[in-house]
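Examining the three-dimensional arrangement
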Amino acid sequence: MILDQFRLDGRIALVTGSSRGLGQGAALALAEAGADIALLDRGDNSDTAAQIEALGRRVLRLQRDFVSASADDLEGDVARVVEHFGRIDILVNNAGTIRRTAAAEHPASDWDDVLHVNLDAVFHLSQAAGRRMLAQESGRIINVASMLSFQGGILVPGYTASKHAVAGLTKALANEWAARGVTVNAVAPGYMATDNTQALREDADRSASILGRIPAGRWGTPQDLQGVFVFLASEAASYVTGAIVPVDGGWLVR
């Protein structure tokens, strides 16, 4: 049955930035599809963990600040997942940060922090998880890209650079790993009602301008992404790799 190909029973997923927003939505969706979940966050992910346990799934809570995380730190986090669950099948690289400042005044520290969280951590986690997935000849890596993987944005040079790089890294890893059973894809959310867009949503003029360009006529929600995360993590997507999938209410085609 086709719906069985979307089941994730027996799979182990590691989701970063899962305490709220898109990451929480991804973790819950994968759990609802049958996966056990490891949560890797800077903050308190106890609410997400409780919801996963209520679904009857196992959960492992890990804590890490990606701004200061080294490659060895992230290798260790993946090792803890494998030690606890016995394997890792799915990695969702969702954790991210954004700093808004005009390019001419953009602090070097903001640039460094954004690239460290949004790009360096994505590579190091993908590398650590990918090694295990290549050894077992199966795995799914799902990165979170952005509309700013395609466009330039305003006042966010570091974020834009990092999200363009995430799209490129997704394709690079897909090229190397597809023949060994590991797919690497990215989801590119449109304008979502999350903490990252709170300032935009509270600016009446900017919000109206954004909504005026979205054919769907509304901000997206974490629930709008859940089906795509499950699909890309499942056997139904076994021949999908290197894709950057927009979930944007039509923003890019306007």
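Structure report, in brief. (Residues numbered from 1 in each chain as written. Predicted model: local features only at pLDDT ≥ 70, side-chain atom pairs only at ≥ 80, totals over all residues. Heavy atoms only, no water.)

The subject of this paragraph is the pattern of salt bridges. The final tally for this structure, using the stated rule, is 14 salt bridges. Residues participating in the shared-partner salt-bridge network are R11, R140 and E235. (Salt bridge = Lys/Arg side-chain N within 4 Å of Asp/Glu carboxyl O.)

This brings us to the sheet that holds strand 4 (residues 90-93). Ordered in space as 3-2-1-4-5-6-7, the 7 strands form an open sheet in which the pairing is parallel. With one partner strand each, in any of the chains shown, strand 3 (59-63) and strand 7 (244-247) form the two edges of the open sheet. Taking the axes of each pair of neighbouring strands and ignoring which way they run, one obtains an average angle of 15° across the sheet. Helix-sheet contacts for helix 4 (residues 108-136) involve strand 1 (12-16), strand 2 (36-41), strand 4, strand 5 (139-144) and strand 6 (182-189), and the interaxial angle to strand 4 is about 175°. Contacting strand 4, strand 5, strand 6 and strand 7, helix 8 (residues 223-233) runs over the sheet at an angle of about 170° to strand 6. (Pairing = 2+ DSSP bridges. Helix = DSSP H or I, 4+ residues; strand = E, 2+ residues; numbered from the N terminus. Axes fitted to C-alpha atoms, helices over the stretch in contact; angles between N-to-C directions. Contact = heavy atoms within 4.5 Å.)

In this model, helix 3 (residues 71-85) (15 residues) spans 21 Å end to end at C-alpha, consistent with the 21 Å of a helix rising 1.5 Å per residue. Residues L74, D77, V78, V81 and F85 constitute the buried set of helix 3. One side of helix 3 carries all its buried residues, which in axial view fall inside an arc of 90°. More than 90 degrees from the buried face of helix 3, the exposed residues found are D72 and E83. Looking at the buried residues of helix 3, the elements they touch are strand 1, strand 2, strand 3 and helix 4. (Expected span 1.5 Å × (residues − 1). Buried < 20%, exposed > 50% of the residue type's maximum accessible area, 1.4 Å probe, protein only. Arc of directions from axis to C-beta.)

This brings us to the nonpolar core. Judged by nonpolar contacts, the single largest core of 37 residues is most densely connected at L14, F66, V81, L91, L125, M133 and W177. Contributions of two or more residues to this core are made by strand 1, strand 2, strand 3, helix 3, helix 4, helix 5 (157-177) and strand 6. Broken down by element, the residue count for this core peaks at 11 residues, all from helix 4. Once you skip the residues sitting within four places of it in the chain, L91 turns out to touch L14, L125, S126, A129, M133, R140, I141 and I142. (Core = buried A, V, L, I, M, F, W, Y, C linked by side-chain atoms within 4.5 Å.)

Note on placement: A193 falls in the loop between strand 6 and helix 6 (198-202). Taking the relative accessible area as the measure of exposure, A193 reaches 36% and is therefore partly exposed. Look past the residues within four positions of A193 in its chain and what remains in contact with it is R201, W219 and G220.

Turning our attention to the packing of aromatic side chains. The full count for this structure, using the stated rule, is 3 aromatic pairs. Aromatic pair Y191 and W219: ring centres 5.9 Å apart, planes at 80°, arrangement edge-to-face. One end of the pair, Y191, is in the loop between strand 6 and helix 6; the other, W219, is in the loop between helix 7 (204-213) and helix 8, and 28 residues separate them in sequence. Summarising the aromatic geometry, the rings of Y191 and W251 are spaced 4.7 Å apart at their centres and angled 55° between planes, so their arrangement reads as tilted. With Y191 in the loop between strand 6 and helix 6 and W251 in the segment after strand 7, this residue pair connects regions lying 60 residues apart in the sequence. The two residues Y191 and W251 agree in class, both being buried. Connected via pairs of aromatic rings, a cluster forms that spans Y191, W219 and W251. (Phe/Tyr/Trp six-rings, centres within 6.5 Å; stacked < 30°, edge-to-face > 60°.)

The next subject is the packing of helix 1 (residues 21-32) against helix 2 (residues 46-54). At a closest axis distance of 10 Å, the pairing of helix 1 and helix 2 adopts a crossing angle of 15°. By the criterion of interaxial angle, the relationship of helix 1 to helix 2 is roughly parallel. Between helix 1 and helix 2 the crossing geometry is right-handed. Across from Q24, A27, L28 and A31 in helix 1, the residues of helix 2 making contact are D47, T48, Q51 and I52. Class assignment of the residues belonging to the contact of helix 1 with helix 2 gives a composition of 4 nonpolar, 3 polar and 1 charged. (Parallel < 35°, antiparallel > 145°, perpendicular 65-115°, else oblique. Left-handed = near helix turned anticlockwise from the far one by under 90°. Nonpolar A, V, L, I, M, F, W, Y, C, P; charged D, E, K, R; others polar.)

Turning our attention to the side chain of D77. Counting through the fold element by element, D77 comes out in helix 3. At 2.9 Å, the side chain of D77 forms a polar contact with the side chain of R64. (Polar contact = N/O pair within 3.5 Å; in protein donor to acceptor, adjacent residues only side chain to side chain.)

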